Amino acid sequence: MQHCPTDIPATTYRLPETSIPGYMAQSTSVSEVAELPELVQAIMQYFANDRETLCILSLMSKNFRLEAQRILFRKVTTLQDADDHTIFLATIVRSQRLALHVVAYAQENVADPGTDLWDLLCYGLQEMKNLKHLRFRARGGVASAHILRGCSFQLESLYWGCNSDEKELARNVLPLQPNMKQLRVKWNEQKKVSPLRSTCPGLVSLAGDRGVIEAFLPGRKITTLTWIPDLDDSTTKIAHLSDQLNRLRFLSFGGYFERPKLDLIVDHLQALEVLELLGSDATELQFLERIPNLLILILSPLLNQKNGPAPSKITAELIKEIFQACQCLQYIDVADDAKYYRRWVSFSSEPLPRRLSYPMVHRWWRFRGNL
């Protein structure tokens, strides 16, 4: 991870004209610009996605440094190895000012309990008082929710990839997060752990297995559901959740393993507008006509597969039949592979020529487990 220094005096270095917004004259010095807060903010925002340039600019003046740090520390979600996380966490533990900049943080399969990095993580989470979005999984997915005790942040989204944390989350973590809007957790259906109905009352987007659905769908106005079946998910009828399922507008159905057939839930999707089927079987597409308000259909591979649905199964004739059965349907996106899709529109005998990327196809999705 690159750092920004703590105290650098203003300089008179000249900034190249091509490195800053066009309205800034080539002869303007950094020290002159640094005295104009609105211009400093505009320059830093211009380079908001260029971390290397932000770090270089932070060396040029104190005002540049302060604004660059605000952007650099706001979203820390791409660090990969233990050394980078150690540097970041040690920095914010030493500087409460920098810790307060952090709004989003992600760490997956890096830290082990009992290590120095783990201790830094515990201290660092306590200091991130303005944190809104957290994505975390301990190495091996060991239960770790106890490290959230005492944290004062108010999250809006949480992806918690650890196992066996149902009780800790239900009793000591989630009840203290009333602003939570997006939640993805692992929730063993067999443990029968149910959060209080007052927990996360504003939840609108939910992701997880059958256990998560049974625990969090009742009593909340969730409109986006990412159902990722686990190996031991039950396939029993789900009519007792009919009222909640009928509120859904967006549904992604499927994950890493074989999922239940669509007919398990198809009669409880009266408000659904967008449906993604992962690992779809062409034979179950006959059920789509029972979703009256379906606007968009996405056919994707399972999350552990590289290829999309078999081309031999998704034929032009099948696409035509789907459009005929679903009167409101606007288009169908069919995966070529894990990264790109082909779009079919009504009355077309072949897909549109331009391939669409995964983010373009899923841009409407409220919660995909990403920060």
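Source: prediction; values computed, not measured.

K.L.:
So what about the overall build of the protein chain? Which residues, and what values?
P.N.:
Looking only at helices and strands, the protein chain features 12 helices and 13 strands. Burial analysis of the protein chain (371 residues in total) assigns 50% to the buried set. Summarising the internal contacts of the protein chain: among those between residues at least 6 apart in sequence, 53% fall at separations of at least 24. Entry remark: accessible area of the protein chain is about 18,100 Å², with carbon and sulfur atoms responsible for 50%.

K.L.:
Got a sec to walk through the packing of aromatic side chains? Specific residues and values, please.
P.N.:
Under the criterion given, the structure shown has 8 aromatic pairs. Summarising the aromatic geometry, the rings of F88 and Y105 are spaced 5.3 Å apart at their centres and angled 25° between planes, so their arrangement reads as stacked. Of this pair, F88 sits in helix 5 (residues 82–94) while Y105 is found in strand 2 (residues 104–108), placing the two residues 17 residues apart along the sequence. With a centroid separation of 5.0 Å and an interplanar angle of 45°, the aromatic rings of W227 and F253 are classed as tilted. Pair noted here: W227 is in strand 7 (residues 224–227) and F253 is in strand 8 (residues 250–253), with a separation of 26 residues, a long-range link. F253 carries the same exposure label as W227, and that label is buried. Between the NZ or CZ atom of R135 and the centre of the ring of Y159, over which it lies, the distance is 4.1 Å. It is R343 that lies over the ring of Y331; its NZ or CZ is 3.7 Å from the centre.

K.L.:
How would you sum up unusual backbone geometry? Please name residues and give values.
P.N.:
Trans is the prevailing form of peptide bonds, just as negative phi is the prevailing case for residues other than glycine. In this model, S164 sits at a positive phi of 60°, which is unusual for a non-glycine residue. Inspection of the secondary structure assignment puts S164 in the loop between strand 4 (157–160) and helix 8 (166–173). At F347, a residue that is not glycine, the phi angle is positive and equals roughly 65°. Mapped onto the secondary structure, F347 falls in the loop between strand 12 (340–345) and strand 13 (356–357).

K.L.:
With reference to specific residues and values, describe the packing of helix 5 against helix 7 (residues 116–127).
P.N.:
Any two packed helices are characterised by the angle at which their axes cross and by the distance between the axes. The N-to-C vectors of helix 5 and helix 7 enclose an angle of 45°; their axes lie 9 Å apart at closest approach. On the basis of their axis angle, the class for helix 5 and helix 7 is oblique. For the pair helix 5 and helix 7, the sense of crossing is left-handed. Here helix 5 contributes A82, H85, T86, L89, A90, I92 and V93 to the contact with helix 7, which in turn contributes L117, L120, L121, Y123, G124 and E127.

K.L.:
With reference to specific residues and values, describe helix 7.
P.N.:
Taking 1.5 Å of rise per residue, 12 residues should cover 16 Å, and helix 7 covers 17 Å from first to last C-alpha, within 8% of that figure. The complete set of buried residues in helix 7 reads L117, W118, L120, L121, G124 and L125. Along the long axis of helix 7, the arc covered by the buried residues comes to 155°, so they all point the same way. Counted as exposed and oriented over 90 degrees from the buried face of helix 7: D116 and Y123. Residues of helix 7 that are buried make contact with helix 5, strand 2 and strand 3 (133–137).

K.L.:
Quick rundown of the pattern of salt bridges? Include the residues and the values.
P.N.:
Evaluation of the coordinates by the stated rule reveals 13 salt bridges. Measuring nitrogen to oxygen at the nearest pair gives 2.9 Å for the salt bridge that ties D112 to R139. Pair noted here: D112 is in the loop between strand 2 and helix 7 and R139 is in the loop between strand 3 and strand 4, with a separation of 27 residues, a long-range link. Measuring nitrogen to oxygen at the nearest pair gives 2.6 Å for the salt bridge that ties R149 to E168. With a gap of 19 residues between them, R149 in the loop between strand 3 and strand 4 and E168 in helix 8 connect regions that are remote in the sequence. On the basis of relative accessibility, which here comes to 13%, the residue E168 falls in the buried class. Here the residues in one salt-bridge network are D336, D337, R342 and R355, joined through shared partners.

K.L.:
Tell me about the pairing of strand 10 (residues 296–300), and name the residues and values.
P.N.:
With 5 of 5 residues buried, strand 10 is to be regarded as a mostly interior element. In strand 10, alternate side chains face the same way, and those of I296, I298 and S300 on one face and L297 and L299 on the other are all buried. Sheet analysis places strand 9 (residues 274–278) next to strand 10, joined by 5 bridges and oriented parallel. Residue pairing across strands places E276 opposite I298, the latter belonging to strand 10.

K.L.:
Run through the environment of N188, naming residues and quoting values.
P.N.:
As for its placement among the helices and strands, N188 is situated in the loop between strand 5 (182–185) and strand 6 (205–208). According to the relative accessible area criterion, N188 is partly exposed, its value standing at 27%. Note: C-alpha distance between N188 and D230 (42 residues apart in sequence) is 9.1 Å.

K.L.:
Now, about the environment of F216: what can you tell me, with residues and values included?
P.N.:
Position of F216 relative to the elements: it lies in helix 9 (residues 210–216). Here F216 falls in the buried class, since its relative accessible area comes to 0%. Spatially, the C-alpha atom of F216 lies 9.9 Å from that of P201, the residues being 15 residues apart in sequence.

K.L.:
Break down the confidence of the model for the protein chain for me, citing the residues and quoting the values.
P.N.:
Fine structural detail should not be taken from predicted coordinates in areas where pLDDT scores are low. A residue-level look at the protein chain finds 87% of positions with pLDDT of 70 or above and a mean pLDDT of 86. Within the protein chain, helix 1 (residues 30–33) has the poorest average pLDDT of any element, 49, and strand 3 the best, 98. Predicted confidence is poor over residues 1–30, with pLDDT under 50, and the contacts of this stretch with residues over four places away or in other chains come to 61 contacts. Overall, residues 367–371 carries pLDDT values under 50, and its contacts beyond four positions in sequence, including any with other chains, amount to 24 contacts.

How each quantity is defined
- Residues numbered from 1 in each chain as written.
- Predicted model: local features only at pLDDT ≥ 70, side-chain atom pairs only at ≥ 80, totals over all residues.
- Heavy atoms only, no water.
- Helix = DSSP H or I, 4+ residues; strand = E, 2+ residues; numbered from the N terminus.
- Buried < 20%, exposed > 50% of the residue type's maximum accessible area, 1.4 Å probe, protein only.
- Contact = heavy atoms within 4.5 Å.
- Areas by Shrake-Rupley, 256 points an atom, 1.4 Å probe, with all protein chains shown as cover.
- Phe/Tyr/Trp six-rings, centres within 6.5 Å; stacked < 30°, edge-to-face > 60°.
- Lys NZ or Arg CZ within 6 Å of the ring centre and 35° of its normal.
- Axes fitted to C-alpha atoms, helices over the stretch in contact; angles between N-to-C directions.
- Parallel < 35°, antiparallel > 145°, perpendicular 65-115°, else oblique.
- Left-handed = near helix turned anticlockwise from the far one by under 90°.
- Expected span 1.5 Å × (residues − 1).
- Arc of directions from axis to C-beta.
- Salt bridge = Lys/Arg side-chain N within 4 Å of Asp/Glu carboxyl O.
- Pairing = 2+ DSSP bridges.
- pLDDT = per-residue confidence, 0-100.

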